[in-house]
Amino acid sequence: QVQLTESGGGVVQAGASLRLSCAASGRTSRRAMGWFRQAPGKEREFVAAANWSGGSTYYADSVKGRFTISRDSAGNTVYLQMNSLKPEDTATYYCALALAWGVLTQMDAYDYWGQGTQVTVSS
């Protein structure tokens, strides 16, 4: 069984930075991981993803150039460095893990999900 635990959310002002972490336990060796977010009243959307090594990364256009996804050397933790935060980045952020390679920008590529961490950006 795989468990994903996110941390690092909080309340910040526009322009600030936050770093989210997601620690994976269980069958996590060499698995792609990603971040999604869901704002109130909106559908969950893709934010960023990385292959097991972090050598290949993918970003939503809305965060490209501001957010960076990375992995630790063991591949068990994924990070999301968020810079130049905007009020529209306010959402619950979820990390996810894919057991098999798929289209990492889509939710159905992922098999396990964390419980989410709240990010609130005030103007």
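Here, the structure is the one placed above.
Here is a short report on the structure shown in this document.

How each quantity is defined
Residues numbered from 1 in each chain as written. Predicted model: local features only at pLDDT ≥ 70, side-chain atom pairs only at ≥ 80, totals over all residues. Heavy atoms only, no water. Helix = DSSP H or I, 4+ residues; strand = E, 2+ residues; numbered from the N terminus. Areas by Shrake-Rupley, 256 points an atom, 1.4 Å probe, with all protein chains shown as cover. Lys, Arg positive; Asp, Glu negative; His and termini not counted. Charge placed at Lys NZ, Arg CZ, Asp CG, Glu CD. Phe/Tyr/Trp six-rings, centres within 6.5 Å; stacked < 30°, edge-to-face > 60°. Buried < 20%, exposed > 50% of the residue type's maximum accessible area, 1.4 Å probe, protein only. Lys NZ or Arg CZ within 6 Å of the ring centre and 35° of its normal. Pairing = 2+ DSSP bridges. Axes fitted to C-alpha atoms, helices over the stretch in contact; angles between N-to-C directions. Salt bridge = Lys/Arg side-chain N within 4 Å of Asp/Glu carboxyl O.

**Side note on the overall build of the protein chain**
Phase 1 of the analysis: When its secondary structure is counted, the protein chain shows zero helices and 11 strands.
Phase 2 of the analysis: Surface exposure of the protein chain reaches about 6200 Å², of which carbon and sulfur atoms provide 44%.
Phase 3 of the analysis: Computing the positive centroid from 11 side-chain charges and the negative centroid from 9, the protein chain places the two 6 Å apart.

**Considerations on the packing of aromatic side chains**
Phase 1 of the analysis: As enumerated under the stated definition, the model contains four aromatic pairs in all.
Phase 2 of the analysis: For the pair phenylalanine 36 and tyrosine 110, a centre-to-centre distance of 5.3 Å together with 85° between the ring planes defines the contact as edge-to-face. Residue phenylalanine 36 is found in strand S4 (residues 32-38), and its partner tyrosine 110 is found in the loop between strand S9 (91-98) and strand S10 (112-113); the two are separated by 74 residues along the sequence. Neither residue differs from the other here; phenylalanine 36 and tyrosine 110 are each classed as buried.
Phase 3 of the analysis: Taken together, the aromatic side chains of Phe36, Phe46, Tyr110 and Trp113 make up a single cluster linked through ring pairs.
Phase 4 of the analysis: The side chain of arginine 44 reaches across the aromatic face of tryptophan 113, ending 5.1 Å from its centre.

**Some words on the pairing of strand S3 (residues 18-25)**
Phase 1 of the analysis: Pairing of strand S1 (residues 3-7) with S3, which is carried by five bridges, proceeds in the antiparallel orientation. Counted as the bridge partner of leucine 4 is alanine 24 from S3.
Phase 2 of the analysis: Pairing geometry for S3 and strand S8 (residues 77-82), over six bridges, is antiparallel. Residue pairing in the sheet places alanine 23 in a bridge with threonine 77 of S8.

**Observations concerning the sheet that holds S3**
Backbone hydrogen bonds are what pair the strands of a sheet, in a parallel or an antiparallel way.
Phase 1 of the analysis: In spatial order, the strands read S1-S3-S8-S7; together these four strands make up an open sheet with antiparallel pairing. Each edge of the open sheet carries a strand with a single partner, namely S1 and strand S7 (67-71). Looking at each pair of strands side by side, their axes are set apart by 15° on average, direction ignored.

**Points about the pattern of salt bridges**
Phase 1 of the analysis: Applying the stated rule across the entire model yields four salt bridges.
Phase 2 of the analysis: Of the charged contacts in the structure, one is a salt bridge between arginine 37 and aspartate 89, with a shortest N-O distance of 2.9 Å. With arginine 37 in strand S4 and aspartate 89 in the loop between S8 and S9, the pair connects residues that are 52 residues apart, well separated along the chain.
Phase 3 of the analysis: You can call arginine 37 buried: its relative accessible area is 6%.
Phase 4 of the analysis: The salt bridge involving aspartate 89 is made with arginine 66; its shortest N-O contact spans 2.7 Å. Pair noted here: aspartate 89 is in the loop between S8 and S9 and arginine 66 is in the loop between strand S6 (57-59) and S7, with a separation of 23 residues, a long-range link. Both residues of the pair, aspartate 89 and arginine 66, count as buried.

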